[in-house]
Every structure is written in C-alpha cells, then in structure tokens.
Amino acid sequence: MSEKGGTVNKLFAAGAMTLAVALALSACSSNTPSGSQSSAPASGGKQKVSFLVFPSPNLPESYWKAQVDLVTKANPDLEVELVAAPSESERNDYAKQLAASGQLPDVQIGMQDLIALEPSLATWTPEELKDFLCPTCGAVNGKILQLPTNTQTIPNVYYSKKLFQKAGIAEPPKTYADLLADAEKLKAKGITPFVTGGVFVTSQPWTAILATDLYAKTPDWMTKRRGGEVKFATDPAMKAATQKFTDLATKGYLDKRQIGQDYPKTQEAFLGGKGAMYPMGSWFAAAADASSMKDDIGVFAWPGDDGALHMPTFTGGGLSVSATAKNMAAAKKFALAFQLTKENLDASVKADALFPAIKGYTPPSDTGPVFKAVYDLWQKALNEKATVPAFSWEAGDTAMLPGMQGKFWSTAQDLVSGKKTVDQALAFLDTEWEKSG
Amino acid sequence: MAAGTTIHHHKPGHAQAGVRWRRPGGKGAGLWHFLSFAAPGTLIYFCLVVLPITLSFGYSLTDQALLRPKTHFVGLRNYQLLLQDETFLQSLRVTTILTLIVVIVPNVLGVAIAVLLDRRGWLYNALRSVFFTPMVISSVVISVIWTRILADDGPINQGLRALGVSEPPGWLSDPDIALYSLSSIVCWQMLGFCVVVYLAGLQGVPQELAEAAAIDGAGPARRFWSVTWPLLAPALTINTVVLLISAFKIFDHVKVITNGGPGTGTTASVALVILQEGFVENRTGYASAEAVVMLIVIALLSVITLRVLQRREVQL
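The rules behind these values
Residues numbered from 1 in each chain as written. Chains lettered and ligands numbered in written order. Predicted model: local features only at pLDDT ≥ 70, side-chain atom pairs only at ≥ 80, totals over all residues. Helix = DSSP H or I, 4+ residues; strand = E, 2+ residues; numbered from the N terminus. Buried ≥ 20, exposed ≤ 12 C-beta atoms within 10 Å, placed from the backbone. pLDDT = per-residue confidence, 0-100. Contact = placed C-beta atoms within 7 Å. Domains from an automatic or database assignment. Nonpolar A, V, L, I, M, F, W, Y, C, P; charged D, E, K, R; others polar. Expected span 1.5 Å × (residues − 1). Pairing = 2+ DSSP bridges. Axes fitted to C-alpha atoms, helices over the stretch in contact; angles between N-to-C directions. Arc of directions from axis to C-beta. Core = buried A, V, L, I, M, F, W, Y, C linked by C-beta atoms within 7 Å. Parallel < 35°, antiparallel > 145°, perpendicular 65-115°, else oblique. Left-handed = near helix turned anticlockwise from the far one by under 90°.

Q: Teacher, can you tell me more about the overall build of chain A here?
A: The number of helices and strands found in chain A is 18 helices and 11 strands. Counting every position in chain A, which comprises 437 residues, the buried fraction comes to 51%.

Printed below as a string of structure tokens:
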C-alpha cells in the first residue's frame, strides 16, 4: 500500500512538473502572429486577408465594411478580416506595436511612419504601380512601401461666410496682412478667429505658415534637416515662421483654452459656429458637406505675405502590405483591388474627401459644394505648379524622423499655451531630432 | 513500501529521544512532493516576472529597436543619456508631483471620512459603498467621464459661467493646471480604497482604550491623536505603499485624459514616456533603461516608506 502510495506521489509530482513546464513554456513563448495565421487559405478555397483600418468621424467601421464588401464581391476568392485601430491618431503607434510583436495584419491603410515600418512592409513593383499618378511618392530608400493613392491638401482654411459677414469681411483674405486684419475684425466682434484643438489640429496654422514662408523657398528643407545642413533653432526662415505662428496665439486669434479638446470635438466646434476659420486638411470637406452649414462654408488657401498661392500637399496614405504576409499574392491582390476599384475611390471621395491620385480618375459629379471648392483649389495649385510639401505630413525619405511628428504637434501646443518661447521650442525640436536619429 | 524505509510510530505528547518522524516515501519523495507544489508557481513567476526584468536590464544595455533587425551593445550609454534627457527628467518631475499629491490627499481625506463613517446603520453602510464605488470602476471609464466633466464646455465650466465667471479655468488645456486636475481624478478614485482600509483599522481599535482616555479627561481630538491614530499606523502603511506604487507607475489615466499634454510632457508620467520611447519612437533599448530606473526608484521608495512607517506601528 505504502509502496503504491509512493509511486502515485511520484506520478503526481511528475505530472505536476510537466504541467508547470508546459504552462511556463507557453507563458515564455511569443504568440503566433495573427497576421500570418489569417493569410492562410480559408475554408472553401478562399484566401483570407487581415486588414488594419482606422475608424474616424468621417470613416466609421460601417464604411470600411462596405468598401471591403465591394472588393470581395468582385473577387470572391478573397475573404477579408477587418482589424480596427483604437483611433485615427493612434493608428501608426498601434501598427508599430503590432509589427514589433509579429502581429501586423496582412494589409494596412494610411501608415505614416514608413521609415520605422520599413523592415515590416513589402515593396511594390513598378508594374504594380503603373496606374498611379505619382509612382515614386513616399519612397523609403528608393522603395515604394505604400500605394500612393491619394492626395490631400493640408491645411486649407475653411471659413464661415456668416461670421465673416457679421464682422464686416466682404471676401477671403488675399495676403497674410489681410488675414491678420480679418482676424482682428472677428476678435473685435467677439468671434474666435481660428478654431483649434487637440494635438495635430493646433499645429495646422504652423504647417500653413511653414508652407508659404519656408517650403515655398526651400522645398527640400526636410531633406536638408535630415542631412544636418539646417537646424530648427538656427534656420532664420524657420524661426520667423514659428514666430508668426506664436504671434497668432499672443494676439488672441488662437484660443489656448481649446488646445485640450480632441479632434472630433474641435470639428464639432467649427461646425457649431464657435469660431470663424478652421485650418484643416482637405478631408474635412466631407464632414462639412454632410453638415447643415455646408452652404455657409467657404475655403481659401492660407495666404503668404505676397499673396502668391502655395498649397501644402501630401500624396500617399494608401494601402501597404506586411512583408510577412504568408499569402503575399492575395494580400497584394486585395490591396490593389481596394485602391483601383472606381466605386471604392468614389466612396473615399464622398466619405473622406480624398483626391484619388489614379490615372484617368475623375471624382463623381454629385459631390458637395465644399469638396468642389477644395478640389478646385488643389487643381488651381497643380496648374500653377504651386504645390509644396505639407510640413510634418511628408512621407518616406522626405519625412521627419520616427516620433518627430508627434513632438512637432505637441510643440505647437506649447507655443500656443505660452509654455515655451520660440527659441525654446525650436531648440527642443533639435534635441528630440538628435535623439530620434 | 519502498525497500529500506523505516516507520517510527509516534504519539503526540510522547516524543522520545532518538525517535524521528519521517514522511512516507523517504527524503526523495518529500522533495518531489515539495517541488510538485512549488514548481508551477515558481516557473510562472520566473517567466512573467524574473525573466522580463532580467531581459529588460539586458535590453537597456543595447540600442535595440524592435522594428530594426540589428542590435548593438552600448554599455551604460542609455543610462548616461537618461541623465541629460529633458523629456525623461520632466516625466520624473511630473510623476513625483503626482505621487506626492496622490499619497497625501487620499490619506488625509480617507482617515477623516473613515472616522465619520465608523458608525452602525444602513446610511453609513450605503455611504461606505458610495465611497468605494470609484475604486471598482475601470480607470479608463473614470478617465473618460472626467474628461467630459472637465472639458471647457463641460458641466463644471458651464456652471461657473452661469455663476458669472467669464473665463473659467481650462482644467485640462491649461498646462499649469492640467497636472493638478489629473492628480485630483486619481485621488478621487483612490479615496475609497483608503477609506475602507482605515475603516478596517478603526474596527481594530479597542473601545476600552478610548473609554479609559475619556475617563482620564481626554477630549475627542486628544483621544484621536493619542489613542486612535497610533493604532491606525498599519493602515497608514498599507495605504501609503499602495498609493505610492500605484501613482508612480500611473499610465492609464494619463493616456486617456491628457496623453501627456497639453504640449510636450506637461502631464507625461514615466510609464507613458517609456511606452512612447519604446513603441512610438521605436527605441526599445532606451525605453528599457527608463523602465529599469523606474523599477529601482519604486523599489527604493517602497522599502524606505515601509521601514519608516513600520517603525511607528505599535503592538497592543
């Protein structure tokens, strides 16, 4: 009996040890990448592809589902699993975390930090890019990692015609001096001249001033900064432009109380008439056209000192494919189909006011008045060869170093709140740049 | 029965010299038995705690970036850079201020509320639940609710405007106020925990001591400071150490309410900066060095606090 008990004890101990080791090993081992799993052939001969999207005020989850359905209907061999990023502004950080842990979905949309993600993304070939207007846009070390599907102008200045009228302003400003004069008139009437808020929205006037005052003269400024030829703190044009931006806050044209509100609330504030002007990307046209005040909203390009047109633009933002997608062919097939399907492009125009940079594409005729105005402004800039890069929105080799975009945006908040002087802010950006390098 | 095993019969209270009590199965079986119970927990603890800490320390000596294939050994360079890194030093300042507020305010208010609630009756039971409720709600939910309440067009500022305050404070948008708003939210959530721990401590204070002090002529304040408060020392120790650790590693409230802003790092805690360095800026080695420093600071503060507070604990 005792001998039997000892054996049972040993067996029990051995079983427990085996269980412990199994548990420990499972705890120690990394997860199988979900992206890799999902690209395996699904049941019924379908190829399963996972797709990272970002829900936003303009693009709710229902939008993404409908667009994917259009592609899968035309390509019944594809089955797509949607993965939603926590928010629009955090989609890049989320993607990097997934990539770092080997879980990057097969296909992603709108990745901005392509330099950091370079090892995790597949390269597009010239043949695959033949339908795109700018097949070299956003290259990283000469490689195209993201389909250059859309152009966006960042920012335009949306304004309320009613509030302009109330302040006695007959027409949009043509020069920077006009803009300041109009802002003063609005302020005198108790109207907040510019609606601002959150991190990237606060930086929009700064991006606008850098377009007219810096990029118009030095379009390769960021490349020079990457090469160490210029610095934020010592470049006179950068310093002067930043001073102009800071003066907008000092004069009370930017309300520092608004910098704590998030992006949807900021958009809501402009559409609710809480300010006369809203410097924002072309995508806002979609929300403007969907609002009840669409006929009250006008658009103009941020004016420079001489009144010449300099429109900040960005081309890229399309789909990218994970370098570790097991079924690369299916992932690329889905990505290209998603980007080149006419109905999908039309939907992106209507929902997010994108300007598809696809050969032969023309937007649908039933777009709203704000979209038409923004689109015409971009066409005018194209015709006049007046497009410049949008500061902090550049892509690939001409972009800021990883992590710097967020630093630039939060520095804008420091300048508006008065927490940092121009010199302190620019020195801070240089310090952070060196760290990122 | 295993060969060579000797059984010694033993009656409690009748132990004799030379008689040894041995477990069935001998020494080897005892060891196996011990290991079978200890191994699962030990291995899981090793994999989920010891191994990550050791790996973090190892990474902190490299320039590792998770999205970059090559990693190089850099020795203590990350630690040297930390000492000059204004972002990290600012996060240490922010976290220290937040920790001080979160350790002091809920402790002071907690003991006061616990004394008021240390009575019998349905109303006091209900109030205890009310005070403890924020503690059981998710920090993210709490943060979202307070973000709405403290917004410029939220109920507090609307109320102030109704009272004639034309420019109410920007609770979360003013860089000089945001950290204190954030700290207040954390204090509000942690208050219930402190109240419950102090209430438990008050239950353990013998009534005779207070009665004896009253007979000797001590008033309510004197009775509290001379009798109750010294006996609440263990509760103070628990609250202080728990609040200190929770506040120093705070992340979720900061992420949801301010994301470290407004501006650069005005409310960024060390944990938030570690996450940003590691996953946003893709500098895992450097972020690991920050994490190691945070671990050391928390460990040191906890040990010192425990030693100091345990010294004033009294035994009845």
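Q: So what exactly am I meant to see when it comes to the confidence of the model for chain B here?
A: Close inspection of predicted coordinates is inappropriate for parts of the model with low pLDDT. All names here are of chain B. Residues of chain B with pLDDT of at least 70 account for 90%, and the chain-wide mean is 88. Counting interchain partners and residues more than four positions distant, the pLDDT-below-50 stretch residues 1-16 has 13 contacts. This complex was scored by the predictor with a pTM of 0.79 and an ipTM of 0.74.

Q: Can you help me understand the domain arrangement of chain A in this one?
A: A common measure of how large an interface is: the accessible area buried when the components associate. All names here are of chain A. Looking at chain A, the domain boundaries give domain 1 (34-152 + 315-374) and domain 2 (155-280 + 400-436). The centre of domain 1, based on its C-alpha atoms, is set 30 Å off from the matching centre of domain 2. Contact with domain 1, which involves seven residues of that partner, is made by seven residues of domain 2. Residues of the side of domain 1 that touches domain 2, tallied by class, amount to four nonpolar, two polar and one charged.

Q: Before we go on, may I ask you to explain unusual backbone geometry in this structure?
A: Trans peptide bonds make up the majority, and among non-glycine residues the majority have a negative phi. In the segment running from isoleucine 154 of chain A into proline 155 of chain A, the intervening peptide bond is cis, with an omega of -5°. With respect to the helices and strands, the residue proline 155 of chain A is situated in the loop between strand S4 (150-153) and strand S5 (156-160). Omega for the bond connecting glycine 261 of chain B with proline 262 of chain B falls within 30 degrees of zero, at 5°, which places this linkage in the cis form. Structurally, the position occupied by proline 262 of chain B is in the loop between helix H11 (252-257) and helix H12 (270-280). In the Ramachandran plot, lysine 385 of chain A falls in the positive-phi region, its phi being about 50° despite a non-glycine side chain.

Q: Got a minute to help me understand helix H13 (residues 284-311) of chain B in this structure?
A: At 3.6 residues per turn, the α-helix brings residues three or four places apart onto the same side. The end-to-end C-alpha distance of H13 of chain B, which contains 28 residues, comes to 40 Å, matching closely the 40 Å that a straight helix rising 1.5 Å per residue would cover. Buried within H13 of chain B are the following residues: Thr284, Gly285, Tyr286, Ala287, Ser288, Ala289, Glu290, Ala291 and Met294 of chain B.

Q: Help me out: how do you make sense of the sheet that holds strand S6 (residues 277-280) of chain A in this one?
A: Residue and element names in this part refer to chain A. Strand order in the open sheet formed by three strands is S6-S5-S7, and the pairing between neighbours is antiparallel. The sheet is open, and its two edges are formed by S6 and strand S7 (297-300), each paired on a single side. Averaged over all pairs of adjacent strands, the angle between strand axes in this sheet comes to 25°, irrespective of strand direction. Bridge analysis of S5 against S7 gives four bridges, and the strand direction is antiparallel. By the bridge assignment, tyrosine 159 is partnered in S7 with glycine 298. Each of S5 and S7 touches helix H16 (residues 369-383); the most contacted strand, S7, lies at about 5° to it.

Q: I tried to follow the sheet that holds strand S9 (residues 319-321) of chain A on my own but got confused; where do I start?
A: As a general point, the strands of a sheet are linked pairwise by backbone hydrogen bonds and lie either parallel or antiparallel. Residues and elements named next belong to chain A. Across the sheet, four strands lie side by side as S2-S1-S3-S9; this open sheet has mixed pairing. Lying at the two open borders of the sheet, with one neighbouring strand each, are strand S2 (78-84) and S9. Strand-to-strand twist in this sheet, taken as the mean axis angle between neighbours without regard to direction, amounts to 25°. When strand S3 (residues 107-109) meets S9, the two strands line up antiparallel, connected through three bridges. The residue bridging valine 107 from the neighbouring strand is valine 321, located in S9. Contacts from helix H3 (residues 61-74) reach strand S1 (47-53) and S2 within the one sheet, and its direction differs from that of S2 by about 165°. Helix H14 (residues 328-340) contacts S1, S2, S3 and S9 of the sheet and is inclined by roughly 175° relative to S9.

Q: How should H16 of chain A be read in this particular structure?
A: Residues and elements named next belong to chain A. Helix length check: H16, at 15 residues, gives a terminal C-alpha distance of 21 Å against a target of 21 Å (1.5 Å per residue), a fit within 8%. By the burial criterion, the buried members of H16 are Val370, Phe371, Val374 and Tyr375. Viewed end-on, H16 has its buried residues packed into an arc of 130°, placing them on one side of the element. Residues of H16 that are exposed and angled more than 90 degrees away from the buried face: Asp376, Gln379 and Asn383. Packing partners of the buried residues in H16 comprise S4, S5, helix H13 (284-290), S7 and strand S10 (355-356).

Q: Help me understand the nonpolar core in this model?
A: In this structure, Tyr158, Ala285 and Phe334 of chain A are the most contacted members of the largest nonpolar core, which totals 122 residues. A per-element tally of this core places helix H9 (residues 204-215) of chain A first, with seven residues. Of the residues that make up this core, three or more belong to each of domain 1 (34-152 + 315-374) and domain 2 (155-280 + 400-436) of chain A. Phe88, Leu92, Leu182 and Ala235 of chain B belong to the second-largest nonpolar core, a separate cluster that totals 51 residues.

Q: How should the environment of lysine 256 of chain A be read in this particular structure?
A: Structurally, lysine 256 of chain A is set in the loop between helix H11 (236-250) and helix H12 (263-271). Separated by 205 residues in the primary sequence, lysine 256 of chain A and phenylalanine 51 of chain A place their C-alpha atoms 38 Å from one another. Excluding residues that lie within four positions of it along the chain, lysine 256 of chain A makes contacts with Ala249, Val416 and Ser417 of chain A together with Ser173 of chain B.

Q: I'm lost on the packing of helix H4 (residues 122-136) of chain B against helix H7 (residues 178-203) of chain B in this one. Help?
A: Describing two packed helices takes the angle between their axes plus the distance from one axis to the other. Residue and element names in this part refer to chain B. As a packed pair, H4 and H7 sit with axes 6 Å apart at the nearest point and diverge in direction by 130°. Compared by their axis directions, H4 and H7 come out oblique. Both H4 and H7 take part in a crossing whose hand is left-handed. Along its contact with H4, which presents Arg128, Phe131, Phe132, Thr133, Pro134 and Met135, the element H7 presents Trp188, Gln189, Leu191, Gly192, Phe193, Val195, Val196 and Leu199.

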